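Spelled out, the chains give:
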Amino acid sequence: MAHAAGLSLLASLDFGTLPSQVVNGVLNGAIYALIALGYTMVYGVLRLINFAHGEVYMLGAYTALFVSWAYGFRPDVPPDQLPESTLLTLLVMMLASMAVCAGVGVVIERFAYRPMRNQARISSLITAIGVSLLLQYGGGLFLPQNPPPTMNERVNPYRQTLELTLVRAPQELTTAVENARQLAQRSEAAFQERLKLEKDRFNLSPEGERLRDAKFEAERQLREAESRRNTAQVTVRVGAGRLAILVASLALMFLLRQLVLFTPTGRAMRAVSQDFDSAALMGVNVDRIVTITFVIGSALAGAGAMMTATFLGTSISPYYGVLPGVKAFVAAVLGGIGNIPGAVLGGILMGVAETLVIWAGYSQFADAVAFVVLIVVLLFRPGGLLGSSAVEKV
Amino acid sequence: MLKRKPISTVLWAAALAGLVAAGCGGPKPEQTSQPSESAPPAEGGSANRPQPTAAGNKAEGDTLKIGIVVPINGDQKPWGDDALNGAQIALEDFNRQGGIAGKKIELLIGDSGSNTEQAKSAAEKLISDGVLGIIGDVTSSSTIQIAKSAFEKGVPVISIGATNDDVTKQGANIFRVCYIDTFQGQVMAEFAYKDLGLRNVALMTDRKQAYSVGLSNSFRKHFEQLGGKIVGEEFYETKQTTFTGQLTNLKAKNPDGLFLSGYFPEVGPIVKSAKAAGLNVVPLGGDGWDSKEILNSGGEAVVGGVFCNHYNNKDTRPQVQHFLKRWREKVGGIPGTTMAALGYDAMAVMLDALKRSKSFDSKSLTEAIEATENFPAVSGDITLKGTNGNPIKRALVVEVRPLPEGFVMRKAIDPKDIGK
C-alpha cells in the first residue's frame, strides 16, 4: 500500500518544472538569508534575539516607498506621466533604506537593549518583543496603510522575463505551435474586423459571436499545441528583478564576509562574539562593536526590504516584517544562530524546501514546512547545521 | 544540560514569535465561520430560518430611532466611512421626499472598529438605546456577530456588504442588500466560459479567508457544470509576499484563465508575478478586487482582468446618477469603494420598509423589510420577499483598464438570465 501511494505521488510530480522551482527557491531563500544575517550577527555578539529586526525590515520597505514617491512614482499618476526609472533611482532607494534602518537599529540598541545588557537574558528578550510590538502598532499610527500601499512597478527598470531552455522540444511540436499560431492570428484578425461593426463587444450579434467562438477555438488549439511543446521541453524562467535581488544579495554577503574576516573591526567583532568580557579586557571597545553590528545587520535588512518592496511589489503595512522576520529567524536557527555562513545556508535551504513542497502540490503546507525542517534539524544537530555545539559558559 | 540551554531559549523564542505572528494581521475583512458546502441560492428557496422570539423595540413619542454599525476606525475604515456617508445621504433624501408624517427619524451611529467583538457590543448598545432596526456591517464576520445579538432581541438587521452565504441564516430578521458569494462565483464562471471563451481555468485561493475559499468553491462548481475544466488550484495566505512556486506549477498546467478569489493586496502582486512566470491568462476575480490600489500593485499585468462587483460609478441608471450628484454635493468627488452605494441602499431599504410598516416597532419593521419588492436601489433593483434575506439583484462584471479609466463596467448580469 505504502509503495503504491509513493508511486502515485511520484506520478503526480512534474519533473519538467523542477529546475524552475529550485531556482525559485534559491531566489526566495536569498531574501531570507539577508534578513537572517541580522539576527545571527546580533545573536553572535550579544546572545540576544533581536525580535524587532522584522520591524526594522518593515521600516526599510516604507523608506523605499517614500523615496519612490519623492521621485514621482505616486499611485494616482497615470502610467504615461510617470518618470523613467534608472539604476541610480534604485541605488538611491537602497541606500536610503539601509541608512534609515541602520539608524533605527542603533537607536533601538542604545535605548532598549543597552540598559538591559547586564540584566538577566530573559529581560532583554522581553524588551525585544516589546520593541517589536511598539514599532508595529506605533507604526500603524503614523504610516500610510489605508489601503495598504504598494510600490509602483515602473520603479523597477528590469521588468522583462529571462528564459533559459535546458531541454528542447522535438521539431514537429514546435512546427505545430507555429501553424496553430498562424491560424489563431487569422481568426483574431477576422474577429477584430467584425468588431469594428459591432456596438458593444460584450453584447455581440450572432455573426460576431460566431467569429468570436471561432477565435476562441483557434486560441485553444494554440494553447494545446503550446502545452504539448512545453511539456516536452524544460525551461527555467526568471524575472529580471528577482535575478537582481539574488545578485545584490550575494554582493552584500560577500562584502560582509570581507569585512568580518579581513578588517580590524571584523576581528574585534569576532573577538566580542567569542568572549564579551575578555574582548573588553583586551582593549576592544565593546559598545562600538555592538553598535556597528546593529548598523550592519539593520542595513542588510533595509536592503532586503527595499528589494522585496520594489521587485516583488507586495503591499506594505506595519506588519510587513512579521512573516519574513519569523522565517528569517528560523533560517538563522537552522543554519546555527551566531554563525554567518550558517544564516545564508539556512535561508537558502528554507527557500528551496518551501518551494519544493509547493512543487509537490501541497501549497497549503508551504509555511509549515519551515518549522518542520527546523525541528528535524534541531533533533539531530541541536546547534543548527553549522552551529557550534561547544559547551557555553552561562 | 548546560549546552542545550541557549537552544531551548531559542525555541521558546521561536514559539513566541509564532504567536506574535499569528496574533496580528492587517485587513482581514471577511474572516467568518466556515463557508457552507451547499448554500441555498439567492433566489427563492424555502430554507427555514429561525424566527426571533423576542418582540424587539417599540418607538416612543415622535422619534423613530435607526442604528448603523460600521467600522469608523481600524483597517476597514475606508469602507466604513463610505458606507456611513452613503447611509446619511439616503436619510437626507428620504426626509426631503417628505419622510414619515409627524415623525422624526434619528440615526444612531455605532463603531465596529473593524473587529467582530466591538461590532457585537456596538449593536447591543444600539439595541438597548431603543433602535427599531440596525444597518451594518460591511463585512461578513462582523455582521454575523451583530446578527446573533439582534436575533436574540428580535431587532431586524440589513447588512451592507456581507457576502458570505451563512450570514442571513442566523435568523428570519437578518437581511442584506448585496449579492452572495455563491452568486458572484456563478456570474464569473458564466462570463469566463461564455463571453471570454475560457475552458481551462486555474484557481489561486487565499486559504486564510473564508470569503476566498467559498468563492473559489462556487466558481469551481459552476465552471465545471458549464463544461469547463479547473486545471489546478494553488493556495497562499494573506500577507504572503512570494507566489512564484505556485505560479510555476500553474504555468505547467497551461491555463487560459486565472481566478483569484482573494483580496486586492495579494491579488495585484500575484497577477504581476503570474505574467513574469510566463502565464498568459485572463485574470478573474470577485468583489475583493474593489480598490484602485490594485491598478498600482498589479501594474500592467492586471489590465484586462475582469471581476464581479455590486456597483459602478459609470453606470447610467438614474438612481446612480442621482446618487453621484448627491455624493458630490455632500462628500465631494466620487465614492472610492462600492460600500458607499451599498450603504445608501441599506438605509433606503430600511426607511422604505419603515414607511410601509403597520406600526413603529421591530416586529412590524421586520415584516415590512421582508415584503420589499423591486425596490429601485442604487446598486440595482432589490427584492427581499421570500428570498431568505438574500436579495435577488444583478451583479456587474467590471474590466480593469489603465488609469485614468480605472474600472469599466462590461456587463450587468441579472439572476434570471443566469444558469441557462
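Residues numbered from 1 in each chain as written. Chains lettered and ligands numbered in written order. Predicted model: local features only at pLDDT ≥ 70, side-chain atom pairs only at ≥ 80, totals over all residues. Heavy atoms only, no water.

### Some details on empty space enclosed by the protein
Here comes step 1: In total, this model carries six cavities of 30 Å³ or more according to the counting rule given.
Here comes step 2: A volume near 250 Å³ is recorded for the largest cavity.
Here comes step 3: Elements with a contribution of two residues or more to the lining of the largest cavity: helix 2 (18-46), helix 11 (286-312), helix 12 (322-335), helix 13 (340-359) and helix 14 (366-380) of chain A together with helix 7 (244-253) of chain B.
Here comes step 4: Per element, the largest residue contribution to the lining of the largest cavity is four residues, and it comes from helix 2 of chain A.
Here comes step 5: Looking at the lining of the largest cavity residue by residue, the class counts come to nine nonpolar, eight polar and four charged. (1 Å grid on protein atoms, 1.4 Å probe; cavity = no way out; pocket = protein on both sides within 12 Å on 5 of 7 lines; lining within 4 Å. Points joined across faces, edges and corners; volume = space filled by probe spheres on them. Helix = DSSP H or I, 4+ residues; strand = E, 2+ residues; numbered from the N terminus. Nonpolar A, V, L, I, M, F, W, Y, C, P; charged D, E, K, R; others polar.)

### With respect to a nonpolar patch on the surface
Here comes step 1: On the surface, a nonpolar cluster with roughly 550 Å² of combined accessible area is contributed by A:Val372, A:Ile375, A:Val376, A:Leu379 and A:Phe380.
Here comes step 2: Within the element layout of this structure, A:Leu379 appears in helix 14. (Patch = residues over 30% accessible without salt bridge, like charges linked within 9 Å, V, L, I, M, F, W, Y side chains within 5 Å. Areas by Shrake-Rupley, 256 points an atom, 1.4 Å probe, with all protein chains shown as cover. Salt bridge = Lys/Arg side-chain N within 4 Å of Asp/Glu carboxyl O.)

### Some details on the packing of aromatic side chains
Here comes step 1: In total, this model carries 19 aromatic pairs over all chains according to the counting rule given.
Here comes step 2: For the ring pair A:Tyr113 and A:Phe294, a centre distance of 5.8 Å and an interplane angle of 45° mean the geometry is tilted. Taken as a pair, A:Tyr113 in helix 4 (residues 87-113) and A:Phe294 in helix 11 lie far apart in primary sequence, 181 residues in all.
Here comes step 3: A residue is classified by how much of its surface remains accessible, and A:Phe294, at 2% relative accessible area, is buried.
Here comes step 4: Within the aromatic cluster, the residues linked to one another by ring pairs are B:Tyr193, B:Phe219, B:Phe223 and B:Phe259.
Here comes step 5: Over the ring of A:Trp69 we find A:Arg74, and its NZ or CZ is 4.7 Å from the ring centre.
Here comes step 6: Sitting over the face of the ring of A:Phe111, A:Arg110 holds its NZ or CZ atom 5.5 Å from the ring centroid. (Phe/Tyr/Trp six-rings, centres within 6.5 Å; stacked < 30°, edge-to-face > 60°. Buried < 20%, exposed > 50% of the residue type's maximum accessible area, 1.4 Å probe, protein only. Lys NZ or Arg CZ within 6 Å of the ring centre and 35° of its normal.)

### Let's talk about the packing of helix 8 (residues 264-276) of chain B against helix 9 (residues 293-302) of chain B
A packed helix pair is summarised by two numbers, namely the angle formed by the two axes and the spacing between the axes.
Residues and elements named next belong to chain B.
Here comes step 1: Taken N-terminus to C-terminus, the directions of helix 8 and helix 9 make an angle of 15°; their axes are 7 Å apart at the nearest point. Here helix 9 runs roughly parallel to helix 8, going by the angle between their axes. In this structure, helix 8 crosses over helix 9, and the sense of that crossing is left-handed. Two secondary-structure elements touch here, helix 8 through Phe 264, Val 267, Gly 268, Pro 269, Val 271, Lys 272 and Lys 275 and helix 9 through Glu 293, Ile 294, Ser 297, Gly 298, Glu 300, Ala 301 and Val 302.
Here comes step 2: Looking at the contact of helix 8 with helix 9 residue by residue, the classes come out as seven nonpolar, three polar and four charged. (Axes fitted to C-alpha atoms, helices over the stretch in contact; angles between N-to-C directions. Parallel < 35°, antiparallel > 145°, perpendicular 65-115°, else oblique. Left-handed = near helix turned anticlockwise from the far one by under 90°. Contact = heavy atoms within 4.5 Å.)

### Thoughts on the sheet that holds strand 4 (residues 157-159) of chain B
Residues and elements named next belong to chain B.
Here comes step 1: Taken in spatial order, the five strands line up as 2-1-3-4-5 in an open sheet, and their pairing is parallel. Pairing within the sheet leaves two strands with one partner each, and these edge strands are strand 2 (104-111) and strand 5 (174-176). Each adjacent strand pair in this sheet contributes to an overall mean axis angle of 25°, direction not counted.
Here comes step 2: Here three bridges tie strand 1 (residues 63-70) to strand 3 (residues 133-135), and the two strands are oriented parallel to one another. Across the sheet, residue Gly 67 finds its bridge partner in strand 3, namely Ile 134.
Here comes step 3: Strands strand 1 and strand 2 of the sheet are contacted by helix 2 (residues 77-96), whose axis makes an angle of about 175° with strand 2. (Pairing = 2+ DSSP bridges.)

### Side note on the sheet that holds strand 14 (residues 407-413) of chain B
Residues and elements named next belong to chain B.
Here comes step 1: Pairing is mixed across the open sheet formed by seven strands, whose spatial order is 7-6-8-9-10-13-14. Unpaired on one side and paired on the other, strand 7 (229-236) and strand 14 mark the two borders of the sheet. Within the sheet, the average angular offset between the axes of one strand and its neighbour, ignoring direction, is 25°.
Here comes step 2: Bridge count for strand 13 (residues 395-400) against strand 14 is six bridges, and the pairing is antiparallel. Within the sheet, the bridge partner assigned to Leu 396 lies in strand 14 and is Ala 412.
Here comes step 3: Together, strand 8 (257-260), strand 9 (282-285), strand 10 (306-309), strand 13 and strand 14 form the strand contacts of helix 5 (residues 181-195), whose direction differs from that of strand 10 by roughly 145°.

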